[in-house]
Amino acid sequence: MEEILTETVAAGTADGGKGKRRKFGANERRSLYGFITAAIPLVGYLVFNIVPLGVAIVTMFVDMDGFDFGSMQWNNFANFSAAFSDSRFWHSIGVSFIFIVPHLIGLLLSLLLSALLAQKLPAHKFFKALYFVPYICSSVAISVMWRWVFDQNIGILNDIIIRLTGAEAGPAWFTNAGNFTSMLLTVMVWQAPGYGIVMFSAAFTNINPALYEAAELDGANTFRKFLSVTLPAISPTVFYLLMAGLIAGLQTFDVPQIFAGDSWTGEAGPNDAALSTVLYIYYKGVLFSEMPVASVMSMALFVVIFVIMLINYKLSDKWVSYDV
């Protein structure tokens, strides 16, 4: 017999002070517990995502004194003019597009490495786990480690270059804008493939072996099977990782912040080579206390990402196959 949860509800004086009993079955109780459990993250999402989004939208159209919401005053769209006339903001957009490149390279590397690991070579499980390590490591710790590697005086990379070339000094990684950008891209390419390898490895295991057998009967070689069978079968995974890489590149923050972030001046490396849009929004909103302008820049970045994602969705119909 199912457990019964009883709740006594006062019925007033009409029934002589006796309470009415309301019965809750086990199914109703499970539903209630499920609702409470599901509501916890929803409340968190509301408080930490929806509410700040609403505040950001409101602050786009007002002037305010620092973070004092009581000082808000309508300013006739002056924040939009300030944001879109800011040359550093447009520079940061260009830098963010550059930071997409390592994610695209990482996508290609993860595809090639996953195809190699799918051959079940010796120690393939070990290497699969090894390639995933950079992804799960803290970006802060990784950035600090690579700063040591590229250090002008004690860095191991410059030491190797000096020993191999006989030069008096290695490249000026932290003072030359081109070298600085190359350094950041190297760090992000090293970190990027791990997640893709895991996703592609799962996608490879779901490919129907009969497709390969049919291709072999048609005389297809290994390369042709990869183009005609493997790529169409994993195209949804490629599409997902491409979308994720584009978004991650445009929202890059942690690596530039650790390598070049200056919490006093708001600079980001030589010639602002590491000034991603999210990093500049952080400077504007937190360092310079210009939250309304930072809100406009945030919405502008959202529009850029939305347009790119929309174009990608439209083009995906031509190359993504869901019926393989």
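Residues numbered from 1 in each chain as written. Predicted model: local features only at pLDDT ≥ 70, side-chain atom pairs only at ≥ 80, totals over all residues. Heavy atoms only, no water.

## A look at helix α11 (residues 222–250)
- When the terminal C-alpha atoms of α11 are compared, their 36 Å separation across 29 residues is substantially less than the 42 Å that a helix rising 1.5 Å per residue should span.
- Along α11, the sharpest change in direction is near 55° and occurs at Ser235; proline Pro236 comes one to four residues later.
- The residue sitting at the N-terminus of α11 and contributing the capping side-chain oxygen is Asn221; that oxygen lies 3.3 Å from the backbone nitrogen of Phe223. (Helix = DSSP H or I, 4+ residues; strand = E, 2+ residues; numbered from the N terminus. Expected span 1.5 Å × (residues − 1). Bend = angle between axes of the 7 residues up to and from the residue. Polar contact = N/O pair within 3.5 Å; in protein donor to acceptor, adjacent residues only side chain to side chain.)

## Notes on the packing of aromatic side chains
- Scanning the entire structure with this criterion turns up 23 aromatic pairs.
- On the basis of an interplanar angle of 15° and a centroid distance of 6.2 Å, the ring pair of Phe61 and Trp74 is categorised as stacked. One end of the pair, Phe61, is in the loop between α1 (26–59) and β3 (62–65); the other, Trp74, is in strand β4 (residues 68–74), and 13 residues separate them in sequence.
- Judged by relative accessible area, Phe61 falls into the partly exposed class, the value being 25%.
- By relative accessible area, which is 52% here, Trp74 ends up exposed.
- A ring pair is formed by Tyr282 and Tyr283, whose centres lie 5.9 Å apart and whose planes are at 45°; its orientation type is tilted. (Phe/Tyr/Trp six-rings, centres within 6.5 Å; stacked < 30°, edge-to-face > 60°. Buried < 20%, exposed > 50% of the residue type's maximum accessible area, 1.4 Å probe, protein only.)

## Re the packing of helix α10 (residues 209–217) against α11
- Packing of α10 against α11 brings their axes to within 10 Å, and their N-to-C directions diverge by 145°. The hand of the α10/α11 crossing is right-handed. Contact residues: Leu211, Tyr212, Ala215 and Glu216 in α10; Lys225, Val229 and Thr230 in α11.
- Here the contact of α10 with α11 is composed, by residue class, of 4 nonpolar, 1 polar and 2 charged. (Axes fitted to C-alpha atoms, helices over the stretch in contact; angles between N-to-C directions. Left-handed = near helix turned anticlockwise from the far one by under 90°. Contact = heavy atoms within 4.5 Å. Nonpolar A, V, L, I, M, F, W, Y, C, P; charged D, E, K, R; others polar.)

## Quick notes on helix α4 (residues 101–117)
- Its 17 residues place the ends of α4 24 Å apart at the C-alpha level, agreeing with the 24 Å of an ideal helix rising 1.5 Å per residue.
- Residues of α4 that are buried: Pro102, Gly106, Leu107, Ser110, Leu111, Ser114 and Leu117.
- In this structure, the buried side of α4 is in contact with α3 (87–98), α5 (124–136), α8 (177–191), α9 (193–205) and α11.

## Here's the deal with the environment of Glu28
- Among the secondary structure elements, Glu28 is positioned in helix α1.
- In this structure the C-alpha to C-alpha distance between Glu28 and Ile136, which are 108 residues apart in sequence, comes to 40 Å.

## Things to note about the confidence of the model for the protein
- When the pLDDT values of the protein are averaged, the result is 84; 90% of them are 70 or greater.
- In the model of the protein, strand β1 (residues 5–9) stands out as the element of lowest mean pLDDT, 42, in contrast to α3, which has the highest, 95. (pLDDT = per-residue confidence, 0-100.)

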